[in-house]
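Geometric and topological summary
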Amino acid sequence: MKRVRVDWEIAKRGWRRYAAYPWATVAGAFTNTIFGFLLAYILLAVYRSRADVGGFDAGDAVTYVWLSQSMIMTVYIFSWWELAWRIRDGSIATDLLRPLNPQRYWLAFDLGRAPYHFVFRGLPPFVLGALVFELRYPSPLDALAFVVSLTLAVVVSFGFRFIYNSIAFWLLDFRGVVTLSTTIVIFFSGMAIPLRFMPTALRDLCYALPFGSVIQTPVDIWLGKRDGAALLGVLGLQLFWALALLAIGQLVLRRATRKLVVQGG
Amino acid sequence: MIEVEGLRKEFVVRRGRFRRERHVVTAVNGISFRVDRGELLGYLGPNGAGKSTTIKMLTGILVPTGGHISVAGLEPSRKRIELAHRIGAMFGQRIQLWWDLPLRDSFELLRHIYRVPADRHRANLARFREVLELDPFLDTPVRQLSLGQRIRGELTAAMLHAPELLFLDEPTIGLDVVAKQRVRDFLVEINREDGVTVMLTTHDLGDIERLCNRLLVIDHGSLIWDGGIPELKERYGGERTLVIDLEEPAPPLVVEGAVVDRVDGPRQWLRFKGSASEITSRVAEAARLVDLQVQEPDIEEIVRRIYMR
Amino acid sequence: MVDAVFVWRRLVGAQIRSQLQYRLSFALDAFGSFWISFIDFLVVLVIFRNVSRLNEWNVHEVAFLYALSSITFAVTDMLIGQLDQFPQKIRDGNFDILLVRPRGTLFQVIASDFALRRVARVVQGSIVLVYALSTLTIHWTVLRVLVLVVSVPSAIVIFSSIWVVGACIAFWTTDGGEFTNAFTYGGTAMAQYPFDIYATWLRRLLGFVIPLAFVCYFPALYVLGKTDPLGLPRFLEFCSPAVAAVSALVAGLTWRSAVRHYRSAGG
């Protein structure tokens, strides 16, 4: 019970860390809104020539744009540096001395951060988009499934971010690696363009990889594209990737700790 | 060199994020003073007294709300660029050098910014390299320098274009004793040998004791002292101490106008006010002296007294 | 003015030299920058896998627009991208010293930082431009070449002006600096696609008030010999330089006004 209490405190810290800069959040939400409008019109232009792309019609595509823009910060698609910086300036050494596993710490932190971004950076753009465009809305069951899926997406994204931040244990100049990792996530998650627009083979690969679970899957669920067994299937895949990435992160951490102990940090 | 008359600076402060409660803060409230060429003066005051604001107005950073300023014959806020060629400034806690570049490159860039001819620049730099011992770290990126090294670099940067007037804001803050001494020696040298007028703000009383022949003290936006340090000590110094060494140990002397604080064998400490020579002659009548010494009060004590007045 | 350019070259040269010293780091950075900007073009390719036209524009024409927008934005980013850090600079109190130096403050801010790694985006945009030019049939005339060539510095000036005006916000509020991103990064994204796909209100706001339509849409219409789907007057296709000049003026005045405010309000 006590450990959950600790997690809760850390989660609160995660929330507060981002709540401390309200104007940055407003500015970010504004940027997301602008991009929402741009992408919506770009995709709508595509639908002037076709009625369906990969199972999405125009209404689906526009809803997709607004959902993904709203999800950007909740799932934290862009470069996340917090852990890498701590490694670089050495404070990670003290973290490793504490009885709390750093990965667990940062996961709790991230799970506290995500709700803040969901409410303050996610809702405003979506509401604006809903006012201007005709969006699709889920059935109650799909809405529930969406919430579950979104939470799993946050964990999958975190798992990946934790791994690429750990590069800092080995590389002094990790900026390039972080940028590349971010690039991969942005493209293969469907953030830049819905996976459904991609050639079938590439699309299936993205779905299979953890990246598809981060944006495309939750949106698919919202749009009611997954039902029954398929729904359970994608949720299960998300869960699998969440656990797998966390496990890999743990292994990397253990490796890194051993390296630090041997080399003296 | 500097003429300030009735200088005023008011700020409008808005409390709260969304509520528009306007509140006028007077940071500098009508101060006047003159500085002649070649002076080395200290500018003292508690935090928030208006020191930085005054310096910013003198250097042209801030525009005054009222009053008259003339620096090197120019009005700083109107003739900022013309004045910039003739003054140098160094803000102790802020960085003016290029962070990622070697120190040498920062100097080179400043040469271009100030349009100093190459040979003059080389000559100036050579001198500072010697005086401040810059050679060991001249090619190191600024972000890798220690504080002491960086401050020396910043001082050089401020002086490279041979300004007539140098403003310093807390130049020795955070430095160790050796580094402080180096900075002070440098300032004395450029003042005595090159005639550079120096105005520095500081909290470090060691700086004041060792550098300044004149002191301006500001508190709550008003000038509460403008004068030399001996006068300051006399006015606020109050008591001094006469340390006498007698031929042989004796009971505490009874001397008019002095009180014996301490006795240690043949040595006695007498506290007195007023003229030292009078007390000395009275002591000499009362006992046989081998040696004596007059101790001034601590300037820290004096400054504290000024602030509290 | 000539002297300013000379000084600028020296300032930038010193920084380039220093950045090239850390070769591996630079290479990795550049590599990352290349790919993250390449995504935008991949999106264009994916879109055109599904349709052959976006309104009246085919993939080569959109690639052309993309290349122009991307290259000019990347060059601007290289020159003044550090303005994103400007709010922090003000907060740290590092702006004051610029006022004690015998140069304009905007000049000093722009010349003080130069990120060579962003050249990767220029390279990426150039590759796409080569692809576009090789697949398009353009009926080159002297005037067309001129319009194309002139559109590049004009676009750079327009992007720079947006950036500078955005940076000025930092003089008034400590927290507002991040709003600029919507217009700089959003701006280049918008200019990568033909303007007629956007709704009227968005076109007016981000295309004319903030003159992003003159970055590459109008010059491209002329160079490609297309009739404007929006039916706007043809002389607009030649207006990029004029628009750039006006933008620069607006940016300069805004900066002057912002510094004036800073110098009386507190510094």
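Owing to the predicted nature of the structure, the values given are computational and were not obtained by experimental measurement.

1. Some remarks on the overall build of chain B
- Counting its regular elements, chain B contains 10 helices and 13 strands.
- Within chain B, the fraction of its 309 residues that count as buried is 38%.
- Taking as baseline every contact in chain B between residues at least 6 positions apart, the subset at least 24 positions apart corresponds to 68%.

2. Looking at the interface of chain C and chain A
- Of the residues lining the interface, 34 residues belong to chain C; the matching set on chain A comes to 33 residues.
- For the side of chain C that touches chain A, the elements supplying multiple residues, two or more each, are α2 (23-50) and α9 (180-191) of chain C.
- Sorting elements by how many residues they give to the side of chain C that touches chain A places α2 of chain C first, with 16 residues.
- Among the residues forming the side of chain C that touches chain A, the class breakdown is 21 nonpolar, eight polar and five charged.

3. Overview of the domain arrangement of chain B
- Domain boundaries in chain B define domain 1 (2-234) and domain 2 (238-307).
- On a C-alpha basis, the centres of domain 1 of chain B and domain 2 of chain B stand 40 Å from each other.

4. Re the interface of chain B and chain C
- On the side of chain C, 20 residues touch chain B, which itself brings 25 residues to the contact.
- Every element with two or more residues in the side of chain B that touches chain C is listed here: α1 (51-59), α2 (80-84), β5 (87-91) and α3 (103-114) of chain B.
- The element contributing the most residues to the side of chain B that touches chain C is α3 of chain B, with six residues.
- Its residues placed into classes, the side of chain B that touches chain C shows 14 nonpolar, five polar and six charged.

5. Overview of the confidence of the model for chain C
Residues and elements named next belong to chain C.
- Of the residues in chain C, 97% reach a pLDDT of 70 or more, and the chain-wide mean stands at 87.
- Ranking the elements of chain C by mean pLDDT puts helix α1 (residues 2-20) last with 75 and helix α12 (residues 240-265) first with 93.
- For this predicted complex, the interface score ipTM comes out at 0.88, alongside a pTM of 0.83.

6. Structural notes on the pairing of strand β10 (residues 240-246) of chain B
- Pairing analysis gives six bridges linking β10 of chain B to strand β12 (residues 267-272) of chain B, with the strands arranged antiparallel. The residue bridging V243 of chain B from the neighbouring strand is W269 of chain B, located in β12 of chain B.

7. A word on the arrangement of the chains
- Ranked by contact count, the leading pair among the two pairs of chains in contact consists of chains A and C.
- Between chain A and chain B there is no contact, and the shortest C-alpha to C-alpha separation is 11 Å.

8. Notes on the sheet that holds strand β8 (residues 214-219) of chain B
All names here are of chain B.
- Reading across from one edge, β5-β6-β7-β3-β8-β9 is the order of the six strands in this open sheet, with mixed pairing throughout. The two strands at the open ends of the sheet, each matched to only one other strand, are β5 and β9 (222-228). Averaged over all neighbouring strand pairs, the angle between strand axes comes to 15°, with direction disregarded.
- The strands touched by α1 are β3 (40-44), β5, β6 (165-169), β7 (197-201) and β8; relative to β6, the strand with the most contacts, the crossing angle is about 150°.
- Packed onto the sheet, helix α5 (residues 147-159) meets β5 and β6 and runs at close to 160° relative to β5.

9. Some details on the sheet that holds β10 of chain B
All names here are of chain B.
- Strand order across the open sheet formed by four strands is β11-β12-β10-β13, with antiparallel pairing between neighbours. Of all the strands in the sheet, just β11 (258-264) and β13 (289-295) have a single pairing partner and so form its edges. In this sheet, adjacent strand axes meet at a mean angle of 20° when their direction is disregarded.
- The pairing of β11 with β12 spans six bridges and is antiparallel.

10. Remarks on the packing of helix α3 (residues 59-80) of chain C against helix α11 (residues 217-224) of chain C
All names here are of chain C.
- The interhelical angle for the contact between α3 and α11, taken along N-to-C directions, is 135°, at an axis separation of 10 Å. Taken together, α3 and α11 sit at an angle that is classed as oblique. In terms of crossing hand, the pair formed by α3 and α11 is right-handed. Between α3 and α11, the residues in contact are E61, F64, L65 and L68 and Y217, A220 and L224, respectively.
- Split by residue class, the contact of α3 with α11 holds six nonpolar, no polar and one charged.

11. Section: the environment of P102 of chain A
Residues and elements named next belong to chain A.
- Inspection of the secondary structure puts P102 in helix α6 (residues 102-132).
- Separated by 82 residues in sequence, P102 and A20 place their C-alpha atoms 23 Å apart.
- Discounting chain neighbours no more than four positions away, the residues touching P102 are D95, L96 and L253.

How each quantity is defined
- Residues numbered from 1 in each chain as written.
- Chains lettered and ligands numbered in written order.
- Predicted model: local features only at pLDDT ≥ 70, side-chain atom pairs only at ≥ 80, totals over all residues.
- Helix = DSSP H or I, 4+ residues; strand = E, 2+ residues; numbered from the N terminus.
- Buried ≥ 20, exposed ≤ 12 C-beta atoms within 10 Å, placed from the backbone.
- Contact = placed C-beta atoms within 7 Å.
- Nonpolar A, V, L, I, M, F, W, Y, C, P; charged D, E, K, R; others polar.
- Domains from an automatic or database assignment.
- pLDDT = per-residue confidence, 0-100.
- Pairing = 2+ DSSP bridges.
- Axes fitted to C-alpha atoms, helices over the stretch in contact; angles between N-to-C directions.
- Parallel < 35°, antiparallel > 145°, perpendicular 65-115°, else oblique.
- Left-handed = near helix turned anticlockwise from the far one by under 90°.

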